[in-house]
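# Commentary on secondary and tertiary structure
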Amino acid sequence: MSFVSTFDKLNKGTLNKSHILRRFESLLKRDSHIESMATEAYQLTRQYFGRTMRLFAPLYLSNECVNICKYCGFSRNNPILRSTLSLDQVEAETRYLYDQGFRSILLVAGEHPKFISESYLGDCIERIHPFVPSVNLEVGPLEQENYEPLVKAGADGLIVYQETYHRDTYRDMHVSGPKRNFDWRLECPERAARAGFKRVGVGALLGLHDWRYEALMLAAHVEYLLKHCWKTFITISLPRMRPAAGEFEPLVHVNDREYTQILLAFRLCFPQIGIVLSTREPAALRDGLMPLGITMMSAGSHTEPGGYTGQGKESLHRTEKGKHVPFMGSDSEFATEQFAISDERSPLEIKEKLVALGLDPVWKDWDRGLSAVAA
């Protein structure tokens, strides 16, 4: 049995919502008092997390992908510039981020088994883990037995967003490729927890379907994981769509008040989970949300391979519908980004803003020596 069974019953109305889900649903109503929600969220965050804010940076390994997803800049059919970093290039990008202060790195890649194999991921982890205490992954879903060597190599977290919890919308958005399998993706966090990841992150991409439905189904997913994967720290993220190659337009608009309302509802109903806020969101909104429930933030992000130091240019190439096409490159060109970020402030600027708000930036909250003791 997995969350898929619970999810289907909830959608069919054959499973009663828990009191937590009923409260969560009530907090998403239009007449909710967002000011009182913000006050309670602030208090709960201080109670459970103190004044800490964990900082991390995404490091894109590759933008090669076999999936055709209508909304994604990396979609196989998009005519974009692609590249995959070598191990030396991954280390160079990581050392740049290390010098910026980061001790938590999220390795991100498109889904392409020819370029992003389990052995390649394992080699990347082993290369950077000696000097990066926290290595996390956001890659295509794998079997439990394929995750276990990655955990052994030093990965401590896995992020897998369902994108949309609405089956029909999911089917329409994911035209072809392994990502088209809705249930396989929905069960992924459970496989990751069984494999031994210390952190597992789930979420939905806002802009594909009704935001209240997406938030409620994510809340149901979180509730299930907290009960059945209780050894694993659960985080959530609700990124809103940003401009990307393919020029897909959001099907649903989520304004700043609605977005804030969702995040506050999660903090009120699940005070123990981590809530992640990415550089997709504008600086002013991020500043306002920092004290109100957010526990983890990215800073100074780039969403293309080699975006920090220009690594991987010698392997830069252009594809259209998955096939290489003639490309006369130049030194000024980079691989295509997955999406455009909104908050372009440097890590130092983010740190200074956090301190000004009375918060404590945390660059490192885990040491690999603790894993050795536990083993």
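Here's a quick rundown of the structure. (Residues numbered from 1 in each chain as written. Predicted model: local features only at pLDDT ≥ 70, side-chain atom pairs only at ≥ 80, totals over all residues. Heavy atoms only, no water.)

Take the state of the cysteines next. Applying the stated rule across the entire model yields 0 disulfides. Between C69, a free cysteine, and C72, which holds the nearest cysteine sulfur, the sulfur-to-sulfur gap is 6.0 Å. Here C124 stays free of any disulfide, with the sulfur of C65 as its closest cysteine sulfur at 17 Å. (Disulfide = S-S within 2.5 Å.)

Here strand β9 (residues 233-237) lies mainly inside the structure; 4 of its 5 residues are buried. Where strand β8 (residues 199-203) meets β9, 5 bridges bridge the pair, whose relative direction is parallel. The residue of β9 that forms the bridge with R199 is F233. For the crossover from β8 across helix α10 (residues 211-228) to β9, the handedness is right-handed. Two strands pair when backbone bridges link them, and β9 and strand β10 (residues 274-277) are joined in this way by 3 bridges, in the parallel orientation. Note that in β10 the partner of S237 across the bridge is V276. In terms of handedness, the path from β9 via helix α11 (residues 256-269) over to β10 forms a crossover that is right-handed. (Buried < 20%, exposed > 50% of the residue type's maximum accessible area, 1.4 Å probe, protein only. Helix = DSSP H or I, 4+ residues; strand = E, 2+ residues; numbered from the N terminus. Pairing = 2+ DSSP bridges. Right-handed = clockwise from strand over helix to strand, strands pointing away.)

The rolling of a water-molecule-sized probe over the atoms marks out the regions of remaining empty space. Each pocket or cavity is described by its volume, and for the largest pocket that value is around 240 Å³. In terms of lining, the largest pocket is formed by 14 residues, of which the most central are T6, L15, E223, Y224 and K227. Sorting the residues of the lining of the largest pocket by element identifies α1 (3-12) and α10 as the ones contributing at least two each. Top contributing element to the lining of the largest pocket by residue count: α10, with 5 residues. (1 Å grid on protein atoms, 1.4 Å probe; cavity = no way out; pocket = protein on both sides within 12 Å on 5 of 7 lines; lining within 4 Å. Points joined across faces, edges and corners; volume = space filled by probe spheres on them.)

The next subject is the environment of A244. Looking at the element boundaries, A244 is found in the loop between β9 and α11. Spatially, the C-alpha atoms of A244 and T336 are 9.1 Å apart, while their sequence positions differ by 92 residues. Beyond its immediate sequence surroundings of up to four residues, A244 is in contact with G73, Q338 and F339. (Contact = heavy atoms within 4.5 Å.)

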